[in-house]
Amino acid sequence: MRIESDLKLGFKDVLIRPKRSTLNSRSQVKLYRDFKFKHSGLSWSGIPIIAANMDTIGTFEMAKSLSSFKILTAIHKYYSIYDWENFIKKNSKKVLKYIMVSTGISNSSLKKIKQILSLSNKLLYICIDVANGYSERFVNFVSKVRNMFPNKIICAGNVVTGEMVEELIISGADLVKVGIGPGSVCTTRIKTGIGYPQLSAVIECSDAAHGLSGQIISDGGCTVSGDISKAFGGGADFVMLGGMLAGHKESECEIIKENGKKFILFYGMSSKLAMKRYIGDIYRYRTSEGKKVKIIFKGLVYNTIQDILGGLRSACTYVGACKIKELTKRTTFIRVLEQENRIFNN
Ligand code: 5GP
């Protein structure tokens with residue numbers, strides 16, 4: 001047994017120090033970023049935010065809305081080939097450019113992803129997603145997918161430490177997804193005791209990735225737009241959101257009416273509910289590592305996105321970053337023991 005005693009930080013442990021700036025207005029801030037990816041050599045430009053590949057977040061409807069902002073959606077893996085065919089038939093490059101196709105690491109997932117990608121060469125991204133990215137089998141799968149699809153942008157995760165980020169990039173990932181346990185409907189830390197505070201994971205993993213010309217996605221743990229600024233400030237190239245985008249019309253799920261109010265269910269992809277829905281039951285040897293919450297229906301995601309982007313632009317002006325890429329360079333975190341004044345948050 002060993003103890004690492006330097007303190008690891010989450011978003012709640014820091015604030016960003018304001019800096020002198022020559023920016024006069026938030027409208028001067030550019031949130032688009034241009035990327036060129038390591039292995040595929042592909043370029044992509046857009047706002048580096050991604051809707052998570054959860055079945056109430058990474059939906060086709062979400063992709064249609066978010067693509068108009070040039071924001072990515074990682075489409076969940078439960079649509080059928082028929083659903084994909086329909087979607088691709090009806091949507092142009094303008095939408096397909098902002099989509100990631102998610103997959104697990106089974107043989108049947110591999111077969112399915114081949115079928116989906118053969119439907120359109122406008123699909124650029126593959127997101128290979130497992131809860132625990134530390135297995136040899138996962139690393140081998142990433143290499144296999146890289147060999148099969150040399151011209152796609154491959155994202156792989158989740159991990160939280162530099163050495164595993166390096167291994168995945170060397171194995172063919174352009175982008176590594178970082179986060180174990182910070183999610184809004186995740187119970188991994190409670191069930192297993194495993195995890196890593198998200199901001200420190202981002203700082204350490206981005207350093208490792210950038211050293212190899214790779215990139216990272218900070219996945220999970222953002223509760224407000226300030227957390228997204230902190231993730232970018234810490235070195236994240238992309239930020240993935242679940243809970244912050246939950247409860248909207250684009251969730252493609254049933255709206256529950258109770259006492260004149262509207263609600264929507266939101267749940268982890270390893271929750272009992274999700275496992276029952278997609279696998280039929282919970283395997284005897286595993287436990288659920290996600291929870292279910294009922295949240296107020298918030299209408300269209302458009303307004304939430306405007307709010308998030310407004311927050312990000314404002315963060316950039318406070319530190320004098322005229323584009324999102326500069327946020328990291330201009331960020332000095334201060335460790336704090338307080339965040340907002342909660343007097344009116346009953
Ligand atoms: P959020 O933005 O809601 O804080 O985090 C979203 C992320 O939580 C997802 O992208 C995914 O990585 C993670 N996640 C989703 N469902 C589950 C789950 O059931 N269990 C765990 N451990 N993580 C989950």
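Everything that follows concerns the structure shown earlier in this document.
Residues numbered from 1 in each chain as written. Predicted model: local features only at pLDDT ≥ 70, side-chain atom pairs only at ≥ 80, totals over all residues. Heavy atoms only, no water.

Participant: Would you explain a positive patch on the surface in this entry?
Facilitator: A surface patch of like charges, here positive, comprises K30, K323, K325 and K329. Here K325 shows up in the loop between α11 (301–319) and α12 (326–329). (Patch = residues over 30% accessible without salt bridge, like charges linked within 9 Å, V, L, I, M, F, W, Y side chains within 5 Å. Areas by Shrake-Rupley, 256 points an atom, 1.4 Å probe, with all protein chains shown as cover. Salt bridge = Lys/Arg side-chain N within 4 Å of Asp/Glu carboxyl O. Lys, Arg positive; Asp, Glu negative; His and termini not counted. Charge placed at Lys NZ, Arg CZ, Asp CG, Glu CD. Helix = DSSP H or I, 4+ residues; strand = E, 2+ residues; numbered from the N terminus.)

Participant: Can you walk me through the site of the ligand in this structure?
Facilitator: Neighbouring the ligand are 20 residues, the closest being S184, T188, D219, S270 and E289. One of the side-chain N or O atoms of S184 is found 2.5 Å from an oxygen atom in the ligand. Here a nitrogen atom of the ligand and a backbone polar atom of E289 are 2.7 Å apart. When its residues are assigned to classes, the shell around the ligand shows 6 nonpolar, 12 polar and 2 charged. (Near = heavy atom within 4 Å. Polar contact = N/O pair within 3.5 Å; in protein donor to acceptor, adjacent residues only side chain to side chain. Nonpolar A, V, L, I, M, F, W, Y, C, P; charged D, E, K, R; others polar.)

Participant: Would you mind showing me how to read the pairing of strand β8 (residues 175–178) here?
Facilitator: Each regular strand displays side chains that alternate between the two surfaces of the sheet. In β8, alternate side chains face the same way, and those of L175 and K177 on one face and V176 and V178 on the other are all buried. As for the winding sense of the linkage, the β-α-β connection from strand β7 (residues 153–159) through helix α6 (residues 162–170) to β8 is right-handed. The pairing of β8 with strand β9 (residues 215–219) spans 4 bridges and is classified as parallel. From the neighbouring strand, V178 faces β9, where its bridge partner is S218. (Buried < 20%, exposed > 50% of the residue type's maximum accessible area, 1.4 Å probe, protein only. Right-handed = clockwise from strand over helix to strand, strands pointing away. Pairing = 2+ DSSP bridges.)

Participant: Teacher, can you tell me more about the nonpolar core here?
Facilitator: Soluble globular proteins tend to bury their nonpolar side chains together. Counting residues in hydrophobic clusters, the biggest one holds 102 residues, and the most contacted among them are W84, M100, Y125, F238 and L245. Sort the elements by how many residues they give to this core and α11 lands first, with 7 residues. (Core = buried A, V, L, I, M, F, W, Y, C linked by side-chain atoms within 4.5 Å.)

Participant: Whenever I open this one, the sheet that holds strand β13 (residues 292–296) confuses me. Can you help?
Facilitator: Adjacent strands of a sheet pair through backbone hydrogen bonds, lying either parallel or antiparallel. With antiparallel pairing, 3 strands are arranged side by side in an open sheet as β11-β12-β13. This sheet does not close on itself; its edge strands, each paired only once, are β11 (256–258) and β13. Along the sheet, successive strands turn relative to each other by an average axial angle of 40°, direction set aside. Here strand β12 (residues 261–267) pairs with β13 via 5 bridges, running antiparallel. Bridged to I264 within β13 is I295. (Axes fitted to C-alpha atoms, helices over the stretch in contact; angles between N-to-C directions.)

Participant: Honestly, a nonpolar patch on the surface in this entry has me stumped. Any pointers?
Facilitator: Together, Y78, Y278 and I279 line one region of the surface with nonpolar side chains, adding up to about 250 Å² of accessible area. Locating Y78 in the fold gives a position in the loop between β4 (71–75) and α2 (81–90). With relative accessibility at 32%, the residue Y78 sits in the partly exposed group.

Participant: How should I be thinking about helix α4 (residues 107–119) in this particular structure?
Facilitator: Counting along an α-helix, one turn takes 3.6 residues, and residues three or four places apart therefore face a common direction. With 13 residues, α4 should reach 18 Å at 1.5 Å per residue; the first-to-last C-alpha distance of 19 Å fits that figure. Where α4 is concerned, the buried positions are S109, L110, I113, I116 and L117. Within α4, the buried residues cover an arc of 130° as seen down the axis, which keeps them to one side. For α4, the exposed residues lying more than 90 degrees away from the buried face are N107, S108, K111 and S118. Considering only its buried residues, α4 is in contact with α2, β5 (99–103), β6 (125–129) and α5 (136–148). (Expected span 1.5 Å × (residues − 1). Arc of directions from axis to C-beta. Contact = heavy atoms within 4.5 Å.)

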